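Residues per chain are reported as follows:
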Amino acid sequence: MKKIYASAAEALDGLLEDGMLIAAGGFGLCGIPELLLDAIKEAGTKDLTFASNNAGVDDFGIGILLQTKQVKKMISSYVGENAEFMRQYLSGELELEFNPQGTLAERMRAGGAGIPGFYTKTGVGTVIAEGKDHRDFNGDTYIMEEGIFADLAIVKAWKADATGNLVFRKTARNFNAPAATCGKVCIAEVEEIVPTGSLDPDSIHLPGIYVHRIVQGDHEKRIEQRTVRQKG
């Protein structure tokens, strides 16, 4: 089965449709599938729902799709660092489903494991819990959260082999691994494709069975907030 594609546009061919749910890896500007997001922008697919920790910044990451009004809803934990995200949410143009970060990661992981729902104490007694099933276990109250089952998962990895085994680099692993597992189809963009069998099995972070398509490309490595010391 062919998994390696020549470009992000080719890797997305036949998969995009208006109104779909996309799970995207990344945290801030770290580990963002930027090539695939650019290709989605060029495709013009609209009314999208994204499950992602945040939306990058105004001109990078999912932020570029907010600018073109291709996103209808965000399932996210953080709306900071992105003025257009905040503007659209506060003006009622963008639907937002807030999730605590751990809950969002677990919702993705649960979807990848075929688990339709789970109970957590996080969010009990807050607006997060409104409208959700409550249940007591051993004297403590929990709320039920549903697993995320996405139409498509797009992730960024450091290395892949031709069978789709992925290695992430340090903190760029973030939401990429759970996001990859919860999509009906997963596309990974990578910095390097290595020969099959060259990856140490113990160093593989995501088995290739979860990855359906791979694209290699050059990536822009931005620093979200640069902090430097003053001279002297």
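Description of the structure in this document. Since the model is a prediction, treat every value here as computed from it, not as a measurement.

## Description of the overall build of the protein
A tally of helices and strands in the protein yields 6 helices and 12 strands. Here the C-alpha atoms of the protein give a radius of gyration of 18 Å, agreeing with the 17 Å that 2.2 N^0.38 yields for 232 residues. Projecting the C-alpha coordinates of the protein onto the three principal axes gives extents of approximately 55 × 50 × 40 Å. As displayed, the protein offers around 11600 Å² of accessible surface, 49% of which is attributable to carbon and sulfur atoms. Once the 25 positive and 32 negative side-chain charges of the protein are each reduced to a mean point, those two points are 4 Å apart.

## Comments concerning the packing of aromatic side chains
According to the stated counting rule, one finds 4 aromatic pairs in the structure shown. An angle of 15° between the planes, with centres 6.5 Å apart, marks the rings of Phe27 and Phe175 as stacked. Separated by 148 residues along the polypeptide, Phe27 in the loop between strand E2 (21–24) and helix H2 (34–43) and Phe175 in the loop between strand E10 (166–167) and helix H6 (176–181) bring together distant segments of the chain. For Phe27, a relative accessible area of 38% gives the class partly exposed. By relative accessible area, which is 6% here, Phe175 ends up buried. For the pair Tyr89 and Phe98, a centre-to-centre distance of 6.1 Å together with 85° between the ring planes defines the contact as edge-to-face. Residue classification places Tyr89 among the partly exposed positions, given a relative accessible area of 34%.

## Points about helix H4 (residues 83–90)
Here H4 has its buried residues at Glu84, Phe85 and Gln88. An end-on view of H4 places all buried positions within 105° of arc, on one side of the element. Buried residues along H4 sit against helix H3 (63–67), strand E4 (71–76) and strand E5 (95–98). Its side-chain oxygen 3.2 Å from the backbone nitrogen of Glu84, Asn82 forms the N-cap of H4. Positive backbone phi, at 85°, marks Gly92, one or two positions downstream of H4.

## Structural notes on the environment of Met86
Relative to the helices and strands, Met86 is located in helix H4. Residue Met86 is classed as partly exposed on the basis of its relative accessible area of 34%. On a C-alpha basis, the gap between Met86 and Ala177 in space is 27 Å, while along the polypeptide they are 91 residues apart.

## Quick look at the environment of Asn82
With respect to the helices and strands, the residue Asn82 is situated in the loop between E4 and H4. Taking the relative accessible area as the measure of exposure, Asn82 reaches 0% and is therefore buried. As a C-alpha pair, Asn82 and Phe60 span 22 residues in sequence and 9.6 Å in three-dimensional space. Within polar-contact distance, the side chain of Asn82 engages the backbone oxygen of Ala55 at 3.1 Å.

## Section: empty space enclosed by the protein
All chains considered together, the criterion is met by 1 cavity of 30 Å³ or more. Forming the boundary of the largest cavity are 14 residues, of which Gly25, Ile32, Ser52, Asn54 and Ile62 lie nearest the centre.

Conventions used here
Residue positions are given per chain, counting from 1 as you read along its sequence in written order. This being a predicted model, a pLDDT of at least 70 is required before a residue's local features are given, and a value of 80 or more before pairs of side-chain atoms are given or counted; all residues contribute to the totals for chains, interfaces and linings. Note: side-chain values were computed over all heavy atoms of the structure, leaving out hydrogens and water. The numbering of helices and of strands both runs from the N terminus, where a helix is a DSSP run of H or I of at least 4 residues and a strand a run of E of at least 2. The globule rule used here is 2.2 Å times the number of residues to the 0.38 power, and the radius of gyration it is set against is calculated over C-alpha atoms. Method for areas: the Shrake-Rupley scheme with a 1.4 Å probe, in which residue coverage is limited to the protein chains shown. We treat Lys and Arg as the positive residues and Asp and Glu as the negative residues; His and chain ends play no part in the count. To locate a charge, take NZ of a lysine, CZ of an arginine, CG of an aspartate or CD of a glutamate. A pair of Phe, Tyr and Trp rings is counted when the ring centres sit within 6.5 Å of each other, with Trp represented by its six-membered ring. The angle between the planes then sorts it: under 30 degrees is stacked, over 60 is edge-to-face, the rest tilted. When accessible area is computed with a 1.4 Å probe and restricted to protein chains, residues below 20% of their type maximum are described as buried, those above 50% as exposed, and intermediate ones as partly exposed. Picture the helix axis, draw a direction to every C-beta atom, and the arc is the one those directions span. In this analysis, two residues are considered to be in contact whenever any of their non-hydrogen atoms come within 4.5 Å of each other. N or O atoms closer than or at 3.5 Å make up a polar contact, with two conditions inside protein: a donor-capable atom paired with an acceptor-capable one, and, for residues adjacent in sequence, both atoms drawn from side chains. Lining residues are defined by having an atom within 4 Å of a point belonging to a cavity or pocket. Those points lie on a 1 Å grid over the protein atoms alone, cavities being sets where a 1.4 Å probe fits but cannot get out and pockets being open sets with protein on both sides within 12 Å along at least five of seven lines. Grid points are joined across faces, edges and corners, and a volume is the space filled by probe spheres set on the points.

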